[in-house]
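# Structural overview
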Amino acid sequence: MPKHGKKYKEAIKLVDKQKNYDIDEALDLVKKTSYTKFDGTVELHVLLGIDPKKGDQNVRGTISLPKGTGKNVRVLVFAEGEKAEQAKQAGADFVGSDDLIERINNEGWTDFDVAIATPDIMRKIGRLGKVLGPRGLMPSPKAGTVTDDVAQAVKEFKAGKVEVRNDRTGNIHVPIGKVSFDKDDLKENLISAFEQLMKMKPENSKGKFIRKAVIAATMGPGINIDLNSLSLATVA
């Protein structure tokens, strides 16, 4: 078991681990239990009722946060010619083709948050899977990161669109903003994320899709959320 510092121990005293908090109480608590000197991220952790060992039950997609993430998202675009120029004009941080592929392949460089590619470039970047795959950075049509409309994709990810995918334990993690956000903005992002996540239930997943939801600030304790407070019925 990891050892926790004094500040964490003080923060966790404020949280009743046996209680499911309504959304407003949970958001008040997540602010009170944030103790980092920097502006921490508030993250939503959801345990899904899926079997992650079965490929047809895995969840992967994108969630758009109406109030953004509060983070400066670094976007890389694999594109050539006119599409590359469109990506640059849309605000992409890195744009290129063979040059970026070689840099990533030879140096293991991954100093970006999202990678977008045009369909015609995908055949070139297949070999980057070993580098980008484990970091969740490999472009994917399901995640909306393989597209001909690179300008729109860049704008969406810059504005607060995030890619999500379940881990091997069936949990999914979604950043919903910063501790410094107004509570109403965090609340709007949280509710929106839930609504979008509910629509991602795989057809072959039976029983309750959302089993548990927890929010926490960076390095802070988890706070259980009462799903009913979000007016979200678990789907049977």
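Residues numbered from 1 in each chain as written. Predicted model: local features only at pLDDT ≥ 70, side-chain atom pairs only at ≥ 80, totals over all residues. Heavy atoms only, no water.

The name recorded for the protein chain in an unreviewed UniProt entry is Large ribosomal subunit protein uL1, from Petrotoga mexicana DSM 14811. Comment text from UniProt for the protein chain, heading Subunit (unreviewed entry), reads "Part of the 50S ribosomal subunit." Per UniProt, the protein chain has the following entry under Sequence similarities (unreviewed entry): "Belongs to the universal ribosomal protein uL1 family." (UniProt positions renumbered as here; feature names shortened; annotations may be inferred.)

Right, let's get into the domain arrangement of the protein chain. Per the domain assignment, the segments making up the protein chain are domain 1 (16-68 + 161-234) and domain 2 (75-159). Its C-alpha centre places domain 1 at a distance of 27 Å from the equivalent point of domain 2. Tallying the contact residues gives ten residues for domain 1 and nine residues for domain 2. Carbon and sulfur atoms supply 45% of the area buried between domain 1 and domain 2, which totals about 810 Å² over both sides. Of all residues in domain 1, R60, K161 and E163 bury the most surface against domain 2, accounting for 70% of the area lost on that side. For the pair domain 1 and domain 2, the number of links is one salt bridge. Measuring nitrogen to oxygen at the nearest pair gives 2.8 Å for the salt bridge that ties E156 to K161. The interface formed by domain 1 and domain 2 holds two residue pairs in polar contact (both at pLDDT 80 or more) in total. Of all the elements in the fold, those that place two or more residues in the side of domain 1 that touches domain 2 are β2 (60-64) and β6 (161-165). (Domains from an automatic or database assignment. Contact = heavy atoms within 4.5 Å. Buried area = accessible area lost by both parts, 1.4 Å probe. Salt bridge = Lys/Arg side-chain N within 4 Å of Asp/Glu carboxyl O. Polar contact = N/O pair within 3.5 Å; in protein donor to acceptor, adjacent residues only side chain to side chain. Helix = DSSP H or I, 4+ residues; strand = E, 2+ residues; numbered from the N terminus.)

Looking now at the sheet that holds strand β7 (residues 171-178). Taken together, the four strands give an open sheet; going across it, the order is β7-β1-β8-β9, and neighbouring strands pair in antiparallel fashion. This sheet does not close on itself; its edge strands, each paired only once, are β7 and β9 (223-224). Where strand β1 (residues 41-48) meets strand β8 (residues 210-217), seven bridges bridge the pair, whose relative direction is antiparallel. Bridging across to β8, L44 finds its partner in I215. On top of the sheet, helix α2 (residues 23-32) reaches β1, β8 and β9; it is set at about 35 degrees to β8, its chief contact. (Pairing = 2+ DSSP bridges. Axes fitted to C-alpha atoms, helices over the stretch in contact; angles between N-to-C directions.)

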